[in-house]
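Residue-level structural notes
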Amino acid sequence: EPMIQVENLCKRFNTKGGTVEAAKNISFSIEKGEIFGIIGLSGAGKSTLVRCLNLLERPTSGTVRVNGKNLTELSEKELRKERQKIGMIFQHFNLLMQRTALDNVCFPMEIAGIKKAEARKKALEYLKIVGLEEKALSYPSQLSGGQKQRVAIARVLASDPQILLCDEATSALDPQTTKAILELIKEINRDYEITVVVITHEMSVVQEICDKVAVLERGALVETGTVEELFRNP
Ligand code: ADP
Ligand code: ADP
């Protein structure tokens, strides 16, 4: 069974100006271990769709299955448990500015009740994996964009996710740093068997790392296929 299966997903927002259909009857599935790209212009519905995958946003209708479980049917408690399997990284990194890199990585572990000493030990291991061990005691303001995203990746790895959602994770980075972060995401996918969903407006990003791609246009999924299928010259 697929890792993620979305069926007939619709999301409408009611605004003063009327109803916005941000997701129109979207269906697709993502296999375990895949790197799956969702590409579209600004306003196409990418954020809405990815937020529906962990139910940060509740679909108006349709289903989202993760590992066979229909998230829309779960109780709050069950949903919290399933959500722990889904990590996310963002365009602007979302680090805590008052905490060091190490403490940023520790933070979710502390919330999960892991003892401070153990959390620090694990955090250092993850910082090493992302190549940032020597910056453990630096604050985010002392780090470059690429280094900040590495901290965010170490933090998400510390929660041992099965799925990693990347919402425009390289959009604030220069091309060279983008390449390095995409390489790191590829490594994580390979070494930890984490299924990756990449949201982007950049063709080059999906061409670089995605196995499969879905193209979003004004809330509708207009095409799905392998990178080769989608980018093949006619
Ligand atoms: P993208 O991530 O591709 O830029 P979004 O998912 O952010 O697209 O937005 C898709 C559409 O849904 C846009 O028209 C946006 O204005 C609208 N939208 C997104 N979130 C909300 C919201 N909370 N309330 C009303 N409209 C929204
Ligand atoms: P992105 O393109 O990365 O989605 P946006 O600026 O479109 O960034 O959206 C940022 C946040 O604002 C999202 O949480 C989105 O759901 C919300 N949002 C987007 N459009 C609207 C809107 N028209 N009304 C209310 N909230 C919106």
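Anything mentioned here points back to the structure above.
Quick caveat, the model's predicted, so the values are computed rather than measured.

1. Description of the pattern of salt bridges
Where charged atoms from two side chains of opposite charge come close, those side chains can pair. Applying the stated criterion across every chain, the model contains ten salt bridges. For Glu 208, the salt bridge is made with Lys 179, and the minimal N-O distance between the two is 3.9 Å. In this pair, Glu 208 is assigned in helix α7 (residues 203-209) and Lys 179 in helix α6 (residues 175-192), connecting sequence segments 29 residues apart. Residue classification places Lys 179 among the partly exposed positions, given a relative accessible area of 48%.

2. Notes on α6
If you check α6, its first and last C-alpha atoms are 26 Å apart, about what 18 residues at 1.5 Å a residue would give, namely 26 Å. Along α6, the positions that sit buried rather than exposed are Thr 178, Ile 181, Leu 182, Leu 184, Ile 185, Ile 188 and Asn 189. Looking down the long axis of α6, one finds its buried residues gathered within 155 degrees of arc, a one-sided arrangement. More than 90 degrees from the buried face of α6, the exposed residues found are Gln 176 and Arg 190. At the N-terminal boundary of α6, the capping side chain belongs to Asp 174, with an oxygen 3.1 Å from the backbone nitrogen of Gln 176. Immediately beyond the C-terminal end of α6, within one or two residues, lies Glu 193, with a positive phi of roughly 50 degrees.

3. With respect to the sheet that holds strand β8 (residues 195-200)
If you walk across this open sheet you meet the six strands as β6-β7-β8-β3-β9-β10, and the pairing is mixed. Each edge of the open sheet carries a strand with a single partner, namely β6 (86-90) and β10 (220-226). Adjacent strand axes in the sheet meet at a mean angle of 15 degrees when their direction is disregarded. Bridging between strand β3 (residues 35-39) and β8 involves five bridges; their strand directions are parallel. For Ile 39, the partnering residue across the bridge sits in β8 and is Thr 200. Against the sheet, helix α5 (residues 145-158) contacts β6 and β7 (163-167), and its axis sits at roughly 170 degrees relative to β6.

4. Focus on the site of ligand 1
In the neighbourhood of ligand 1, the contacting residues comprise Phe 13, Thr 15, Val 20, Ala 22, Leu 41, Ser 42, Gly 43, Ala 44, Gly 45, Lys 46, Ser 47 and Thr 48. In the model, an oxygen atom of ligand 1 is placed 2.7 Å from a nitrogen or oxygen of the Gly 43 main chain. At 3.2 Å, a backbone N or O of Ala 44 approaches an oxygen atom of ligand 1. For ligand 1, the accessible surface in isolation is 550 Å², of which the surrounding protein chains cover 60%. Of the residues assigned to the shell around ligand 1, the class counts are five nonpolar, six polar and one charged.

5. Considerations on the nonpolar core
Counting 45 residues, the largest nonpolar core has Ile 89, Val 105, Leu 127, Ile 153, Ile 185 and Cys 210 as the members making the most contacts within it. The dominant element in this core, judged by the number of residues it contributes, is α5, at seven residues. Excluding residues that lie within four positions of it along the chain, Leu 127 makes contacts with Ala 101, Leu 102, Val 105, Leu 132, Glu 133, Ala 136 and Ala 154. By size, the runner-up hydrophobic cluster in this structure holds 29 residues, among which are Val 64, Val 66, Leu 165 and Ala 214.

Parameters and conventions
- Residues numbered from 1 in each chain as written.
- Chains lettered and ligands numbered in written order.
- Predicted model: local features only at pLDDT ≥ 70, side-chain atom pairs only at ≥ 80, totals over all residues.
- Heavy atoms only, no water.
- Salt bridge = Lys/Arg side-chain N within 4 Å of Asp/Glu carboxyl O.
- Helix = DSSP H or I, 4+ residues; strand = E, 2+ residues; numbered from the N terminus.
- Buried < 20%, exposed > 50% of the residue type's maximum accessible area, 1.4 Å probe, protein only.
- Expected span 1.5 Å × (residues − 1).
- Arc of directions from axis to C-beta.
- Polar contact = N/O pair within 3.5 Å; in protein donor to acceptor, adjacent residues only side chain to side chain.
- Pairing = 2+ DSSP bridges.
- Axes fitted to C-alpha atoms, helices over the stretch in contact; angles between N-to-C directions.
- Contact = heavy atoms within 4.5 Å.
- Near = heavy atom within 4 Å.
- Areas by Shrake-Rupley, 256 points an atom, 1.4 Å probe, with all protein chains shown as cover.
- Nonpolar A, V, L, I, M, F, W, Y, C, P; charged D, E, K, R; others polar.
- Core = buried A, V, L, I, M, F, W, Y, C linked by side-chain atoms within 4.5 Å.

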